[in-house]
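# Residue-level structure breakdown
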Amino acid sequence: MKLLIVGGYGTFGGRIVQLLENEPRLTVIVAGRSLAKAEAWCGDRGGVAAQLVPAVFDRDGDLAAQLASLRPDALVDASGPFQAYGEGRYRLIEACIAKRVNYLDLADGSDFVAGVPAFDEAARQAGLFVLSGVSSFPVLTAAVVRRLSSDMTRVDMIRGGIAPSPYAGVGGNVIRAIAGYAGQPVELVRDGIKTQGHPLTEQMRYTIAPPGRVPLNDTLFSLVDVPDLRALAELWPQAKTIWMCAGPVPEILHRALIGLAWLVRVGLVGSLSPLAPLMHWATNQLRWGEHRGGMFVEVIGASQAGAPVKRSWHLLAEGDDGPLIPSMAVEALVRKALDGHAPVAGARAAVGDLELADYEALFAAKTIHTGFRDDTDANPDRSLYAVLLGDAWQRLPEEIRAMHDRTKMAEGRANVERGSNILGRLTASLVGFPRANTDIPVRVRFDVDRNGETWTRTFGKHSFSSRQFAGRGRSHRLLCERFGPLSFAMALVAEEGRLSLVLRHWSLLGLPLPMWLCPRSTSHETVEGGSFRFHVEVSHRLTGLIVRYRGWLEPAGSQGSSTIVPPASSPSSRQP
């Protein structure tokens, strides 16, 4: 297959090349207005399986002549900004149909994508597929909504959002698109009425938290103009509200953009387009925080029995894999076509041409993690840990699940170590941690109520307690544990049969404290030889080790080992 990528050395086009360059059945024409840039891009890719061919292509030029010269089987328009194409915005689609070239684009403008079905009859007669909006919004969101609502009788609300890494690298065309629609009216469905929204002037907060993974920080999201606002309404016409958003970070820059968008909304400024160069510089230069990105889709509807249902899907992408996701829809469609499963002929938004399973096959090769959560309030008896872990709960060993679900009292043995630093010893005493000892009896009582759990730990004759509860606000989806005036918010990470607690925030009397001052914690639970094992270690950069205790527990009344494995040889890890 000969694939022509318009904007092939740009941000999104270059990522498509990166995703497909290992495919020997492809000849990829990397095209744009500058032959020198195309040649440089192809040269930098080194030895790849696909054949990379640099070329000149100007979408404002003689399209018929350029297509006749390059003779592609399919074309991908990865240039944009699609919101700014103006009159003749569909010239490239018309030229592709005339020259019998299949067409895909990464259009992110709702108006542009909504107009593509006008070419459906012509595309069908030519035996071509013309697919628009081939990106996360709306292809991935539509696939996720189908999965989430597969057994629902009705979909009432759809919300979705993308939170890119601050280091994702945002192209100039994307910034120009955002500057063009910020504060301007866009069509959407809200509360059952077709109305207008104003991008970047409507907000919500949300925590993207794939079950069993460290979630993203609680993120501020703003309404954006994407094809989903209309495309999903056509797929689920009964949905009363469809709201799509983005959560760029750092938040201070996001809030500055919100303020500028309001100037447009109230009529003080006609458009932010003149500020696009400054916005592009700020986005790519003023950045800090974690190099992680994510996405969520949330659906509210009704079950077969008519009961309310609320479900969500979460995606977390680590490092440089996140920025690849918007280009993966093109990758999936091209690979399917190479395998003999090309999209059916016609012109349309690509919302029905991929399923979530197609994406999951691609995610598996990357550091991209996904999962589902059932946030329906129909089961108040679920344990605290089961609620926070979502579908990762069932992946834990039975011994760990039992300790956090059905156990009221557990007994076992433990070893306790204290650090030698006097400040560390004083801290351990103030918190109430046990004194150093070897192979001592340990007992943990779990007092559970609807608001959380109180854990009372007794090592020998020494007891101390803490309160655990589900976090809210900036600690949403996290397990919070309070020791007196101090509260620690931790992510529950389930991986390879182990449950780890990863510290994310801490506070004093509700006042957030900087993480560089926070004690360090290494805490995990495992199962060894059929026994539940715990490992808890607390230290600080100023004091070194504060306390380390580890051992085994079994529900009260069970027969366990009479002695604990010595600390030096124990690889072990409910964490008392």
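Placed above this text is the structure.
Note that the structure is a prediction, hence the values are computed from the model and not measured.

### Points about the pattern of salt bridges
Under the defined criterion, the tally for this structure stands at 37 salt bridges. Put simply, Asp353 and Arg348 hold a salt bridge, and the shortest N to O gap is 2.8 Å. Like Asp353, the residue Arg348 is buried in the burial classification. Between Glu528 and Arg533 there is a salt bridge whose closest N-O contact spans 3.7 Å. Look at Glu528 and you get partly exposed, because its relative accessible area is 23%. Looking at Arg533, the relative accessible area reads 8%, which means it is buried.

### Points about the sheet that holds strand 10 (residues 203-206)
Taking strand neighbours across the sheet as the criterion, the 7 strands line up as 10-11-12-7-13-14-16 in an open arrangement whose pairing is mixed. The open sheet has two free edges, formed respectively by strand 10 and strand 16 (368-374), since each of these has just one partner strand. Strand-to-strand twist across the sheet, computed as the mean angle between neighbouring axes with direction ignored, equals 25 degrees. The pairing of strand 11 (residues 219-223) with strand 12 (residues 241-246) spans 2 bridges and is classified as antiparallel. If you follow Ser222 over to strand 12, its bridge partner there is Ala246. Together, strand 10, strand 11 and strand 12 form the strand contacts of helix 10 (residues 251-265), whose direction differs from that of strand 11 by roughly 25 degrees.

### Some details on the pairing of strand 14 (residues 308-318)
Most of strand 14 sits out of view: 8 of its 11 residues are buried. Two elements, strand 13 (residues 292-302) and strand 14, share 11 bridges in a ladder whose sense is antiparallel. Within strand 14, the position partnered with Val299 by the bridge is Arg311. What sits between the antiparallel neighbours strand 13 and strand 14 is a turn of 5 residues, in which Gly306 has the positive phi angle 90 degrees. Alignment of strand 14 against strand 16, held across 7 bridges, turns out to be antiparallel. Following the sheet pairing, Ser312 is matched in strand 16 by Arg373.

### Section: the sheet that holds strand 3 (residues 51-56)
Strand order in the open sheet formed by 7 strands is 3-2-1-4-5-6-15, with parallel pairing between adjacent strands. Edge positions in the sheet fall to strand 3 and strand 15 (346-349), since each of these pairs with one other strand and no more. Averaged over all adjacent pairs, the angle separating strand axes in this sheet is 15 degrees, with direction ignored. For strand 2 (residues 27-32) and strand 3, the ladder comprises 6 bridges, and the chain directions are parallel. Looking at strand 3, one finds that Val28 is bridged to Leu52.

### Details of the side chain of Arg59
Structurally, Arg59 can be placed in the loop between strand 3 and helix 3 (63-70). Residues in contact with Arg59, not counting those within four places in the same chain, are Arg33, Asp77, Ser79, Tyr85, Arg89, Arg91 and Leu92.

### Let's talk about the packing of aromatic side chains
The full count for this structure, using the stated rule, is 15 aromatic pairs. Taken together, a centroid distance of 5.0 Å and an interplanar angle of 85 degrees make the contact between Phe446 and Trp455 edge-to-face. Phe446 gets classed as buried once you look at its relative accessible area, which sits at 4%. In this structure Trp455 comes out as buried when scored by relative accessible area, which is 0%. Grouping aromatic residues by their ring pairs yields a cluster made of Phe433, Phe459, Phe464, Phe483, Phe488, Trp506, Phe534 and Tyr549. Its end group placed over the ring of Phe12, Arg15 keeps NZ or CZ at 5.8 Å from the ring centre.

### Structural notes on the environment of Asp58
Looking at the element boundaries, Asp58 is found in the loop between strand 3 and helix 3. On the basis of relative accessible area, Asp58 is assigned to the partly exposed category, the value being 26%. With 367 residues separating them along the chain, Asp58 and Arg425 place their C-alpha atoms 71 Å apart. Within polar-contact distance, the side chain of Asp58 engages the backbone nitrogen of Asp60 at 2.9 Å.

### What about the packing of helix 7 (residues 136-148) against helix 9 (residues 228-235)?
Pairs of packed helices are described in terms of their axes, by the angle between the two and the distance that separates them. One can describe the packing of helix 7 onto helix 9 by two numbers: an axis separation of 10 Å at closest approach and a directional angle of 35 degrees. The interaxial crossing formed by helix 7 with helix 9 has right-handed handedness. Taking contact as the criterion, the partners of Phe137, Pro138, Thr141, Ala142 and Arg146 in helix 7 are, on helix 9, Asp228, Leu232 and Leu235.

### Some thoughts on empty space enclosed by the protein
If you add up the space inside the largest cavity, you get close to 40 Å³. Lining the largest cavity, in full, are Ala209, Gly212, Arg213, Pro215, Arg373, Leu388, Arg477, Ala491 and Leu492. A per-class count over the lining of the largest cavity returns 5 nonpolar, 1 polar and 3 charged.

Cut-offs and rules
Residues numbered from 1 in each chain as written. Predicted model: local features only at pLDDT ≥ 70, side-chain atom pairs only at ≥ 80, totals over all residues. Heavy atoms only, no water. Salt bridge = Lys/Arg side-chain N within 4 Å of Asp/Glu carboxyl O. Buried < 20%, exposed > 50% of the residue type's maximum accessible area, 1.4 Å probe, protein only. Pairing = 2+ DSSP bridges. Helix = DSSP H or I, 4+ residues; strand = E, 2+ residues; numbered from the N terminus. Axes fitted to C-alpha atoms, helices over the stretch in contact; angles between N-to-C directions. Contact = heavy atoms within 4.5 Å. Phe/Tyr/Trp six-rings, centres within 6.5 Å; stacked < 30°, edge-to-face > 60°. Lys NZ or Arg CZ within 6 Å of the ring centre and 35° of its normal. Polar contact = N/O pair within 3.5 Å; in protein donor to acceptor, adjacent residues only side chain to side chain. Left-handed = near helix turned anticlockwise from the far one by under 90°. 1 Å grid on protein atoms, 1.4 Å probe; cavity = no way out; pocket = protein on both sides within 12 Å on 5 of 7 lines; lining within 4 Å. Points joined across faces, edges and corners; volume = space filled by probe spheres on them. Nonpolar A, V, L, I, M, F, W, Y, C, P; charged D, E, K, R; others polar.

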